[in-house]
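# Structural characterization, general
Single-letter residue listing:
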Amino acid sequence: MRKNTAKQLFAFVLGLTMLLSAGCASGPLAKLPTIATNKPSGEVTVIRISSIVGVTNSYKITLNGNEVFGIRSGQYTKFKLNEGEHYIGVKCFGGWTPTWKEDSLKFNVTPNSNSYFLISPDLSCASIKATTEAEAQEKMKDSKYVSMEQ
């Protein structure tokens, strides 16, 4: 009888932990760079695909090495950036070893451009890749928008 009670308690605590951690760190974490007045800018859209894998992990979007946004499974956000070279990434805790990992890539913002990125779980923890507008629009249909405004 005691074994079953311990198993039930463990299952309850594990389930509660997963439920609570699923609600963590969604939304703005820091201010974005200020858009220079009368300077060209472009729009960036980041989509975290909806997946049961890693659903309890909060991922952090990084911009030029700084954590700017917490994003959960099935969410997306948009923001403006000044023209020029930037690094965008995703940071998360997990994978094969319980440590923080980051995947990032370099991209260029051109005047009045739109850049689209997909975040998805992978074996290391999470990855980010550039995508087309058509694929981004398709993924956003099943996603919830979360504003970058604080």
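Anything mentioned here points back to the structure above.
Residues numbered from 1 in each chain as written. Predicted model: local features only at pLDDT ≥ 70, side-chain atom pairs only at ≥ 80, totals over all residues. Heavy atoms only, no water.

Attention shifts here to the overall build of the chain. What the chain contains, in helices and strands, is two helices and ten strands. Long-range pairs, those at least 24 residues apart, make up 69% of the contacts in the chain with a sequence separation of at least 6. Carbon and sulfur atoms make up 56% of the accessible area of the chain, which totals about 9,200 Å². (Helix = DSSP H or I, 4+ residues; strand = E, 2+ residues; numbered from the N terminus. Contact = heavy atoms within 4.5 Å. Areas by Shrake-Rupley, 256 points an atom, 1.4 Å probe, with all protein chains shown as cover.)

On to the nonpolar core, then. Counting 22 residues, the largest nonpolar core has Val-44, Ile-61, Phe-79, Ile-88 and Ile-119 as its most contacted members. Among the elements of the structure, strand 2 (41-48), strand 3 (59-63), strand 4 (66-71), strand 5 (75-82), strand 6 (84-94), strand 7 (99-109), strand 8 (114-121) and strand 9 (126-131) are those that each provide at least two residues to this core. Residue contacts for Ile-119: discarding those within four places in its chain leaves Val-46, Ile-47, Arg-48, Ile-49, Tyr-59, Ile-61, Ile-71, Val-90, Ser-127 and Ile-128. If you look at the next biggest cluster of nonpolar residues, it comprises six residues, including Ile-47, Tyr-116, Leu-118 and Met-140. (Core = buried A, V, L, I, M, F, W, Y, C linked by side-chain atoms within 4.5 Å. Buried < 20%, exposed > 50% of the residue type's maximum accessible area, 1.4 Å probe, protein only.)

For strand 6 and strand 7, the ladder comprises eleven bridges, and the chain directions are antiparallel. Looking across to strand 7, one finds that His-86 is bridged to Phe-107. Hairpin connection, strand 6 to strand 7: the antiparallel pair is bridged by four residues, and Gly-95 has positive phi, about 85°. (Pairing = 2+ DSSP bridges.)

Negative phi is the rule for most residues except glycine; trans is the rule for most peptide bonds. Positive phi values are uncommon outside glycine, yet Asn-64 reaches one of about 50°. Its location among the elements puts Asn-64 in the loop between strand 3 and strand 4. In this structure, Asn-112 takes a positive phi of about 60° despite not being glycine. Along the chain, the position of Asn-112 falls in the loop between strand 7 and strand 8. Given a relative accessible area of 73%, Asn-112 falls into the exposed group.

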